[in-house]
Amino acid sequence: MIEKIYEEMLSRDPDQPEFHQAVREVLDSLEPVLERHPEFVEANILSRIIEAERIIQFRVPWTDDDGNVHVNRGFRIQMNSAIGPYKGGLRFHPSVNLSILKFLAFEQVFKNSLTTLPMGGGKGGSDFDPKGKSDSEIMRFCQSFMLELSRHVGADVDVPAGDIGVGGREIGYLYGMYRKIRNEFTGVLTGKGMSYGGSLIRPEATGYGQVYFAREMLKTRDETLEGKVCLISGSGNVAQFAAEKALQLGAKIVTMSDSGGFIHDPNGFTLEKLEWIKELKNVRRGRISEYANQFEGAIYTPVDHNLDYNPLWAVDADVALPAATQNEINGKDAENLLANNVYVVSEGSNMPSTPEAIEHFIEAGILYAPGKASNAGGVATSGLEMSQNSMRMNWTREEVDEKLDSIMVSIHETCARTAEEYGYPGNYMMGANIAGFLKVADAMLNQGVV
Ligand code: NDP
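The following refers to the structure shown. Just so it is clear, the structure is predicted and the values come from calculations on it, not from any experiment. (Residues numbered from 1 in each chain as written. Predicted model: local features only at pLDDT ≥ 70, side-chain atom pairs only at ≥ 80, totals over all residues. Heavy atoms only, no water.)

**Digging into the overall build of the protein**
Operational definition: Going along the chain from the N terminus, every DSSP run of H or I of four or more residues is numbered as a helix, and every run of E of two or more is numbered as a strand. Values of the radius of gyration come from C-alpha atoms, whereas the globule rule sets the reference at 2.2 Å times the count of residues to the power 0.38. The buried label goes to any residue with under 20% of its type's maximum accessible area, the exposed label to any with over 50%, and the partly exposed label to all in between, with areas taken from a 1.4 Å probe on protein chains only. Throughout, a contact is declared for two residues whenever any of their heavy atoms are within 4.5 Å. Areas reported as accessible are Shrake-Rupley estimates using a 1.4 Å probe. Residue values count occlusion only from the protein chains shown. By the counting scheme adopted, Arg and Lys are positive, Glu and Asp are negative, and His together with the chain ends is not counted. Here the site of a charge means NZ on Lys, CZ on Arg, CG on Asp, or CD on Glu.
The number of helices and strands found in the protein is 18 helices and 12 strands. Relative to a compact globule of 450 residues, whose C-alpha radius of gyration would be 22 Å, the protein shows 21 Å and is just as compact. In the protein, which comprises 450 residues, the share counted as buried stands at 57%. Residue pairs at least 24 apart in sequence account for 72% of intrachain contacts in the protein once pairs closer than 6 positions are excluded. Roughly 18,000 Å² of accessible area belongs to the protein as shown, and the carbon and sulfur atoms make up 50% of that amount. Mean positive and mean negative side-chain charge positions of the protein (43 and 62 charges, respectively) differ by 7 Å.

Quick look at the structure:
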């Protein structure tokens, strides 16, 4: 039956490889669930869960600083709202298309379910490239984007947040336009600034959560992150705060990257060096290559498109914390990681490992956490931001961090327990897919064929 559903999806949307990949992984995990729950088969939950409830695509015209008019494409995928309002980020990147946003929205459904908070799954964005644009161009683009998106979102309907290319600046411009159009001050977006309804720890949450998850996995082997050598990819929001938390827990970070290449600092990053990177990336919006000119001993390696592997993943280490983009670890990279004795992979980016890479990790029996579990701290803290907005109050930094930490502990526990219950002990991918699915499937079953 799973094969038939998969084939139907392929013939319906043949040109969406990332979406196929995400669906395949989840469907392949669900065989043991369907054996125990024939009611899900009877209600055809699988065919329904892989079909978006609604897809919105729209034109986003905007004017650059020289007066030239440009047109980009905007999207919002409202994937599943069985357990709460749609929730998921917006991505602004030239690679954005339906396949990428559908894969992200699909993953989001299971991730949000794992957080235990009442949030459905969605994702959106645009093929707009923020790189090299002035602040006023970014503002005009965000305003035009929200002019249309505002018809489809709302605090109890669909609550977007940031993702690649969408950080605090973009959320601010989007929020301002929503407020003006709707004449209401509500929690329609998360990741807001602290002066207008944001939550402390939200910027840190995905990276911190990713490291908390790694810490929990290591705990099962009576180990800690103290002294562990870590590879981080990316140098954006998730990577910066994964690095910060890993450093606080005593790990040694030796790599970070951007789309141009990676830096290897064998001396390890310090909190001071990380502050320099934050300023470089968030304020000056520069390239990671500059790090090698700034700090002695660091080596910059530009991306080489002729290589069939990423040399970042061939650096000696114990732990890998991918935090850049999808499919950034292929089969060969996984082989390199394993050959260099990496035995913890906690994913911060969404679907960073290809199916071949995951197969290698699972075969090798290492501590491998899929993004939908280990990067769920971001959306979980967005859920906490929504609660604070509804209550019209703010929790302290310590309160939010404590809640984030306990949510990550609970997601880890749920994945481990579910994997065990279904006969796959230690397999966090099976645990995450099954546990995430069960809650949504149950809600869909109870709500009838809608
Ligand atoms: P940012 O835009 O802040 O940073 C992205 C980083 O990854 C940058 O260093 C960027 O380099 C690099 N990158 C992006 N695309 C590519 C590419 N195609 N090849 C190589 N490097 C690339 O995004 P985030 O940190 O927010 O997101 C990173 C990942 O984490 C994404 O997969 C996202 O979906 C996921 N995620 C994010 C959450 C969040 O709360 N922000 C929540 C859960 C998951 P450059 O600067 O050169 O573009």
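**As for the packing of aromatic side chains**
So the rule is basically this: By convention, a stacked pair of Phe, Tyr or Trp rings (six-membered ring in the case of Trp) has centres within 6.5 Å and planes under 30 degrees apart, an edge-to-face pair has planes over 60 apart, and any other such pair is tilted. The rule is short: NZ of Lys or CZ of Arg within 6 Å of the ring centre and within 35 degrees of the ring normal puts a charge over the ring.
On inspection of all chains with the given rule, the structure shows 21 aromatic pairs. Their ring planes at 90° and their centres at 5.6 Å tell us that Phe-40 and Phe-437 sit as a pair that is edge-to-face. Here Phe-40 is found in helix H4 (residues 38-42), whereas its partner Phe-437 is found in helix H18 (residues 428-446), with 397 residues between them in sequence. Across the pair, Phe-437 and Phe-40 agree in class, each one buried. Ring centres of Phe-128 and Phe-141 lie 3.8 Å apart, and the angle between their planes is 5°; this geometry places the pair in the stacked category. Within this pair, whereas Phe-128 is found in the loop between strand S4 (121-126) and helix H7 (135-149), its partner Phe-141 is found in helix H7, the two being separated by 13 residues in sequence. With relative accessibility at 0%, the residue Phe-141 sits in the buried group. Cluster of aromatic residues (ring-pair linked, three or more members): Phe-58, Trp-62, Phe-92, Phe-128, Phe-141 and Phe-145. Between Lys-245 and the ring centre of Tyr-208, over which it is positioned, the NZ or CZ distance is 4.4 Å. Note that Lys-403 overlies the ring of Trp-395, its terminal NZ or CZ placed 4.5 Å from the centroid.

**What to know about the environment of Ser-346**
Summarising the element assignment, Ser-346 is placed in strand S11 (residues 344-346). The exposure class of Ser-346 is buried, given its relative accessible area of 0%. As a C-alpha pair, Ser-346 and Glu-7 span 339 residues in sequence and 31 Å in three-dimensional space. Not counting the four nearest positions on each side in its chain, Ser-346 is found in contact with Gln-210, Phe-213, Ala-214, Met-217, Ala-320, Leu-321, Pro-322, Ala-369 and Ser-374.

**A word on unusual backbone geometry**
One can expect most non-glycine residues to show negative phi and most peptide bonds to be in trans. Its identity as a non-glycine residue notwithstanding, Arg-285 has a phi of 55°, on the positive side. The exposure class assigned to Arg-285 is partly exposed, which follows from its relative accessible area of 46%. Of note in the backbone geometry, Met-351 takes a positive phi value of approximately 50° without being a glycine. Here Met-351 is to be found in the loop between S11 and helix H14 (355-364). A residue is classified by how much of its surface remains accessible, and Met-351, at 5% relative accessible area, is buried.

**Concerning the sheet that holds S11**
For clarity, the cut-off: A pair of strands is labelled paired if DSSP reports no fewer than 2 bridges between them. Each axis is a line fitted through C-alpha atoms, taken for helices only over the stretch in contact, and angles between the N-to-C directions span 0 to 180 degrees.
On the basis of which strands lie adjacent, the open sheet formed by seven strands has the order S9-S8-S7-S6-S10-S11-S12 and mixed pairing. Every interior strand has two partners, whereas the edge strands, strand S9 (299-302) and strand S12 (367-369), have only one. Across this sheet, the average inter-strand angle for adjacent strands is 15°, counted without regard to direction. Taken strand by strand, helix H10 (residues 237-248) contacts strand S6 (229-232) and strand S7 (252-258), and its axis lies near 175° from that of S7.

**A word on the pairing of S4**
Along S4, six of the six residues are buried, which leaves the element largely enclosed by surrounding structure. Side chains of S4 alternate between two faces, with Gly-121, Lys-123 and Gly-125 and Gly-122, Gly-124 and Ser-126 buried alike. Pairing of strand S2 (residues 69-80) with S4, which is carried by six bridges, proceeds in the antiparallel orientation. Opposite Arg-76, over in S4, you have Gly-124 as the bridge partner. Bridge count between strand S3 (residues 86-92) and S4: three bridges; the pairing is parallel. Bridged to Phe-92 within S4 is Ser-126.

**Let's talk about the nonpolar core**
Using the following cut-off: As used in this record, nonpolar core signifies buried Ala, Val, Leu, Ile, Met, Phe, Trp, Tyr and Cys residues forming a set joined through side-chain atoms within 4.5 Å.
Ranked by size, the top nonpolar core spans 117 residues in total, and within it Phe-106, Met-256, Phe-361, Ile-411 and Phe-437 carry the most contacts. Counting 23 residues, the second-largest nonpolar core is a separate cluster that includes Ile-56, Phe-128, Val-166 and Val-188.

**Focus on the pattern of salt bridges**
Just so we agree on the cut-off: Between Lys or Arg on one side and Asp or Glu on the other, a salt bridge is scored when a side-chain nitrogen of the former is within 4 Å of a carboxyl oxygen of the latter.
Considering all chains together, one arrives at 30 salt bridges under this definition. Measuring nitrogen to oxygen at the nearest pair gives 3.0 Å for the salt bridge that ties Lys-123 to Asp-163. Taken together, the positions of Lys-123 in strand S4 and Asp-163 in the loop between strand S5 (158-161) and helix H8 (168-182) put the pair 40 residues apart, joining distant regions of the chain. The residue Lys-278 makes a salt bridge to Glu-244 at a minimum N-O spacing of 2.4 Å. Residue Lys-278 is found in helix H11 (residues 271-283), and its partner Glu-244 is found in helix H10; the two are separated by 34 residues along the sequence. This pair shows no difference in class: Lys-278 is buried, exactly as Glu-244 is. When salt bridges that share partners are traced, they join Arg-215, Glu-216, Lys-219 and Asp-405 into one network.

Keep in mind these numbers describe shape, not what the thing actually does.
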